[in-house]
Amino acid sequence: MKFIVIGITDNPQPFFPPEVLEIIKAGKVFSGGKRHHEIVESLLPDGAEWIDITVPLDDVFDNYQLANNHYPLMPIVVFASGDPLFFGFGNTIKRKMTDAEIVVYPTFNSLQILAHRLVMPYHDMRIVSLTGRPWPAFDRALIERAEKIGVLTDREHTPAAIAQRMLEYGYTYYNISVGEHLGNPKLEKVSTFTLEEATTHEFSMPNCVIVAADLRGETRTVRKSPLSSAAKPFGIPDVSFALLDGREKMITKMPIRLLTLQALDLPHRHVLWDIGACTGSVSIEARLQFPHLQIEAFEIRPECEAIIQKNVHRFGAPGIGIHIGDFRVCCDSVATYAAPDAVFIGGHGGHLKEIMQKVLTVLAPDGIIVMNSVKAPKVTTDSHQLWDEACRDLGLQQEPPLHIQLNDNNPITILKCKK
């Protein structure tokens, strides 16, 4: 099957080079969105068949197959927005029909047009699509301090919602430019706002966004995040965290925290579960250092939810899933998530073996489990002993432990095991 994919803008009177006009004139079967059909309908030949691109896409491709059966020598001509290979329908065809022959005639995509209107060089722009997608890629771009982010939006991830999220997590040193109906000479509108202004503005669809950092601080009119400098920190000071009842001993100390992340091998992992998260210090440190991770934090104490929320906002660490309740029960509610390949057990309440047994039901085949055991003189239950017993009974392979003592604190052993 052959596809010819033609990129168009929102201009109701599109310009096509002679080669493309000849393709349209000779075509029999055409396809695209309803908006595309309205734009090109007057150019289609008499008797042309049109296949709407709507969900579910399986039905669309079934119709393509039927059309190919009727006209086996005719290509299907598809109209798509902008560059069909830029988060576009050309990629969908390649994924759905790997053997198809595809010829592409692109035009500028919406973010290119917006950059042109702003006279903004865009070779260094980070691109994120939120069209039908959740926040993680955008969150990662923020955490990694991208200075210029181009965003494809949808009706949920609007410019106002994007600006609100950035303000919520302290990324206040950006301006936001919005392009509406780009390519349409009557409806096109390009505007630049502060983030605060954008949160109260309504934008028409379709639109796209470029957020660009103003590192001079000239537009920072709201509170500053502790991490609002362009440099990402390596190790958050313990005193910066909101604590549970002000108890400093309830937080994993920063040097131990960083060694724990090293033991978890996070550069090569994809999904981290933090069990017994308490203040969220391990989850937050991991999120900032390794923003590619999907992180789920579990904590049994209800009062810790507000503390973790306060800390993730304080340190600009969006995207951490927070689950309050007994892990042995609430872990079932996230069973639809990707299997963890790294698990940190920061607290177990005397139920270590049960928790590890539960972890093993979801742990990826190459997954690892890490726990810090504190040698406290007045503690009757030795967590290291509980760990050894659980590993033995569950058939887990231990790696050599790492023994550490930080200043006058109790000695700590970092324990690690795998299937």
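Structural data are supplied above this passage.
Residues numbered from 1 in each chain as written. Predicted model: local features only at pLDDT ≥ 70, side-chain atom pairs only at ≥ 80, totals over all residues. Heavy atoms only, no water.

## Observations concerning the overall build of the protein
Moving on, step 1. On a plain count of helices and strands, the protein comes out with 14 helices and 18 strands.
Moving on, step 2. Across its three principal axes, the protein shows a C-alpha extent of roughly 90 × 55 × 30 Å.
Moving on, step 3. Residues classed as buried in the protein amount to 49% of the 419 residues present.
Moving on, step 4. About 20,300 Å² of surface is accessible on the protein, with carbon and sulfur atoms providing 53% of the total.
Moving on, step 5. Charge centroids of the protein, computed over 41 positive and 49 negative side chains, lie 4 Å from each other. (Helix = DSSP H or I, 4+ residues; strand = E, 2+ residues; numbered from the N terminus. Buried < 20%, exposed > 50% of the residue type's maximum accessible area, 1.4 Å probe, protein only. Areas by Shrake-Rupley, 256 points an atom, 1.4 Å probe, with all protein chains shown as cover. Lys, Arg positive; Asp, Glu negative; His and termini not counted. Charge placed at Lys NZ, Arg CZ, Asp CG, Glu CD.)

## What to know about the state of the cysteines
Moving on, step 1. Going through the model one piece at a time under the given rule, you end up with 0 disulfides.
Moving on, step 2. The cysteine C278 is free of any disulfide, with C304 supplying the nearest cysteine sulfur at 4.4 Å. (Disulfide = S-S within 2.5 Å.)

## Details of unusual backbone geometry
Moving on, step 1. Following V55, the chain continues to P56 via a peptide bond in cis, the omega torsion being 0 degrees.
Moving on, step 2. Note that P56 resides in the loop between strand 3 (49-52) and helix 3 (57-70).
Moving on, step 3. With an omega dihedral of 0 degrees, the bond running from M205 to P206 counts as a cis peptide bond.
Moving on, step 4. In this fold, P206 is placed in the loop between helix 8 (195-199) and strand 10 (207-213).
Moving on, step 5. With phi around 50 degrees, F87 is a residue other than glycine that occupies positive phi space.
Moving on, step 6. Residue H181 is not a glycine yet carries a positive backbone phi of 50 degrees.
Moving on, step 7. With respect to the helices and strands, the residue H181 is situated in the loop between strand 8 (174-180) and strand 9 (189-194).
Moving on, step 8. For H181, a relative accessible area of 14% corresponds to the buried category.

## Brief notes about the packing of helix 13 (residues 352-360) against helix 14 (residues 383-394)
Moving on, step 1. The interhelical angle for the contact between helix 13 and helix 14, taken along N-to-C directions, is 40 degrees, at an axis separation of 9 Å. Here helix 13 lies oblique to helix 14, going by the angle between them. Like other packed secondary-structure pairs, helix 13 and helix 14 cross with a definite hand, here right-handed. Note on element contacts: helix 14 touches helix 13 through S383, L386, W387, A390, C391, D393 and L394, opposite L352, K353, M356, Q357 and L360.
Moving on, step 2. Taken together, the residues of the contact of helix 13 with helix 14 sort by class into 8 nonpolar, 2 polar and 2 charged. (Axes fitted to C-alpha atoms, helices over the stretch in contact; angles between N-to-C directions. Parallel < 35°, antiparallel > 145°, perpendicular 65-115°, else oblique. Left-handed = near helix turned anticlockwise from the far one by under 90°. Contact = heavy atoms within 4.5 Å. Nonpolar A, V, L, I, M, F, W, Y, C, P; charged D, E, K, R; others polar.)

## Comments concerning the nonpolar core
Moving on, step 1. With 56 residues, the main nonpolar core has F138, I149, M166, Y174, I176, L266 and I284 as its most contacted residues.
Moving on, step 2. Among the nonpolar cores identified, the runner-up in size contains 26 residues, and I275, C330, I355 and C417 belong to it. (Core = buried A, V, L, I, M, F, W, Y, C linked by side-chain atoms within 4.5 Å.)

## Some details on the pairing of strand 11 (residues 271-275)
Moving on, step 1. With 5 of 5 residues buried, strand 11 lies mostly within the body of the structure.
Moving on, step 2. Residues V271, W273 and I275 point to one face of strand 11 and L272 and D274 to the other, with burial holding for every one of them.
Moving on, step 3. Note: strand 11 against strand 12 (residues 294-299), 5 bridges, orientation parallel. Each residue of the ladder has a partner; that of L272, found in strand 12, is I295.
Moving on, step 4. For the segment spanning strand 11, helix 10 (residues 281-289) and strand 12, crossover handedness is right-handed. (Pairing = 2+ DSSP bridges. Right-handed = clockwise from strand over helix to strand, strands pointing away.)

## Some thoughts on the packing of aromatic side chains
Moving on, step 1. On inspection of all chains with the given rule, the structure shows 15 aromatic pairs.
Moving on, step 2. Taking the centre distance of 5.3 Å and the plane angle of 65 degrees together, the rings of F3 and Y64 count as edge-to-face. Residue F3 is located in strand 1 (residues 2-8), and its partner Y64 is located in helix 3; the two are separated by 61 residues in the primary sequence.
Moving on, step 3. What makes F3 buried here is its relative accessible area of 0%.
Moving on, step 4. Ring centres of F86 and F87 lie 5.2 Å apart, and the angle between their planes is 85 degrees; this geometry places the pair in the edge-to-face category.
Moving on, step 5. Here a set of aromatic residues connected by ring pairs shows up, and it is made of F3, F61, Y64 and F89. (Phe/Tyr/Trp six-rings, centres within 6.5 Å; stacked < 30°, edge-to-face > 60°.)

## Examining the sheet that holds strand 10
Moving on, step 1. On the basis of which strands lie adjacent, the open sheet formed by 5 strands has the order 6-7-10-8-9 and mixed pairing. For this open sheet the edge positions go to strand 6 (126-129) and strand 9, each flanked by a neighbour on one side alone. For this sheet, the mean inter-axis angle between neighbouring strands, taken without regard to orientation, is 20 degrees.
Moving on, step 2. As judged from the 6 bridges shared by strand 8 and strand 9, these two strands associate in the antiparallel manner. Residue pairing across strands places G179 opposite V190, the latter belonging to strand 9.
Moving on, step 3. Across the sheet, helix 5 (residues 110-118) is in contact with strand 6, strand 7 (148-152), strand 8, strand 9 and strand 10; its angle to strand 10 comes to roughly 55 degrees.
Moving on, step 4. Where helix 6 (residues 136-143) meets the sheet, it contacts strand 6, strand 7 and strand 8, and its direction lies at approximately 155 degrees from that of strand 6.

## Topic: the side chain of D341
Moving on, step 1. On the secondary structure map, D341 appears in the loop between helix 12 (327-330) and strand 14 (342-345).
Moving on, step 2. For the buried D341, no salt bridge is present, and the opposite-charge side chain at shortest range is R269, 4.8 Å distant.
Moving on, step 3. A distance of 3.0 Å separates a polar atom in the side chain of D341 from the backbone nitrogen of H270.
Moving on, step 4. Residues within four places of D341 in sequence aside, it is in contact with R269, H270, V271, L363, A364, D366, G367 and I368. (Salt bridge = Lys/Arg side-chain N within 4 Å of Asp/Glu carboxyl O. Polar contact = N/O pair within 3.5 Å; in protein donor to acceptor, adjacent residues only side chain to side chain.)

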